[in-house]
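Notes for the structure review
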Amino acid sequence: MQDMPARDAAAASERGCQPGTPWQTWSSPSGRPRTDMERLLDDTVLGQPHPDLGACWLFTGPADPYGRIDRASERYAHRLGWKLLRGPIPDDMELHHRCGVHTCWNPDHLVVVTHAENMAFAARTHCKNGHPLSGANLRIDPQTGTRACRACGAEHQRAFRERQAAKRMSRLTE
Ligand SMILES: [Zn+2]
Ligand SMILES: [Zn+2]
């Protein structure tokens, strides 16, 4: 590979390609370099629909655990997608995955939070009874966005109905 002048190399890396990278890897069929959005979409599949949130947009490229996208204006797929679809992320704010799926970049599944809030969310991966706060067991309150355990919610409802039934029985037998 012959050396590229620094200026050409900088222009090439701006276009999303590196010296020595086969052109077609980084370009659309027309020969135009793929945009960041095209690169994201090319590496994305739809996940299982979540009952409250809908389907995750799963980035299938490298992940650590967040989807990584090299040579784009943001190194993480979910941050890049947010910037492209929703706009800039304020300095020292972070994106929290409401769906709990780190490779997902569906902006409806993300919310802008402070680092402290994000840490508090991250610490709560399971409910107090050990059920995972992710996947289909994760319930998102549509009003408040609060994360809750579906299994425990169902159990509370069952216990509540049992108590109501017991009350009705005791009134009948009084
Ligand atoms: Zn998701
Ligand atoms: Zn639970």
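1. A look at the overall build of the protein
Counting its regular elements, the protein contains 5 helices and 6 strands. Element order for the protein, N to C, with α for helix and β for strand: α-α-β-β-α-β-β-α-β-β-α. For the protein, the residues scored as buried account for 19% of the 174 residues in total. Sequence separation of 24 or more characterises 36% of the internal contacts of the protein that already satisfy a separation of 6 or more.

2. Overview of the pairing of strand S2 (residues 54-59)
Two strands pair when backbone bridges link them, and strand S1 (residues 44-50) and S2 are joined in this way by 5 bridges, in the antiparallel orientation. Opposite His 50, over in S2, you have Gly 54 as the bridge partner. Two successive antiparallel strands, S1 and S2, enclose a turn made up of 3 residues.

3. Notes on unusual backbone geometry
For the peptide bond that leads from Asp 64 to Pro 65, omega is 0°, which places it in the cis range. In the Ramachandran plot, Arg 71 falls in the positive-phi region, its phi being about 55° despite a non-glycine side chain. Within the secondary structure, Arg 71 sits in the loop between S2 and helix H3 (77-85). You can call Arg 71 partly exposed: it has 16 C-beta atoms within 10 Å.

4. Let's talk about the nonpolar core
The biggest cluster of nonpolar side chains holds 13 residues, and the ones touching the most others in it are Cys 56, Ala 77, Cys 104 and Trp 105. Elements with a minimum of two residues in this core: S2 and H3. The element contributing the most residues to this core is S2, with 4 residues. Beyond its immediate sequence surroundings of up to four residues, Ala 77 is in contact with Leu 40, Phe 59, Gly 67, Arg 68, Ile 69 and Trp 105.

5. Points about the confidence of the model for the protein
Considering every residue of the protein, the mean pLDDT works out to 83; 83% of them sit at 70 or more. Helix H1 (residues 6-14) is the least confidently modelled element of the protein, averaging 50 in pLDDT, while H3 averages 97, the highest of any element.

6. Examining the environment of Pro 142
Note that Pro 142 resides in the loop between strand S5 (138-140) and strand S6 (147-149). Judged by local crowding, Pro 142 falls into the exposed class, with 9 C-beta atoms found within 10 Å. Separated by 90 residues in the primary sequence, Pro 142 and Asp 52 place their C-alpha atoms 7.5 Å from one another.

7. Some thoughts on H3
Among all positions in H3, only Ala 77, His 78, Arg 79, Leu 80, Gly 81 and Trp 82 are buried. Buried residues along H3 sit in contact with helix H2 (36-42), S2, strand S3 (93-97) and strand S4 (110-114). Once H3 ends, the next one or two residues include Gly 87, with phi positive near 115°.

8. A closer look at the environment of Asp 141
For Asp 141, the position within the fold is in the loop between S5 and S6. Assessed through the 10 C-beta atoms surrounding it within 10 Å, Asp 141 is described here as exposed. For the pair formed by Asp 141 and Asp 52, sequence separation is 89 residues and the distance between their alpha carbons is 8.1 Å.

What counts, and at which threshold
- Residues numbered from 1 in each chain as written.
- Chains lettered and ligands numbered in written order.
- Predicted model: local features only at pLDDT ≥ 70, side-chain atom pairs only at ≥ 80, totals over all residues.
- Helix = DSSP H or I, 4+ residues; strand = E, 2+ residues; numbered from the N terminus.
- Buried ≥ 20, exposed ≤ 12 C-beta atoms within 10 Å, placed from the backbone.
- Contact = placed C-beta atoms within 7 Å.
- Pairing = 2+ DSSP bridges.
- Core = buried A, V, L, I, M, F, W, Y, C linked by C-beta atoms within 7 Å.
- pLDDT = per-residue confidence, 0-100.

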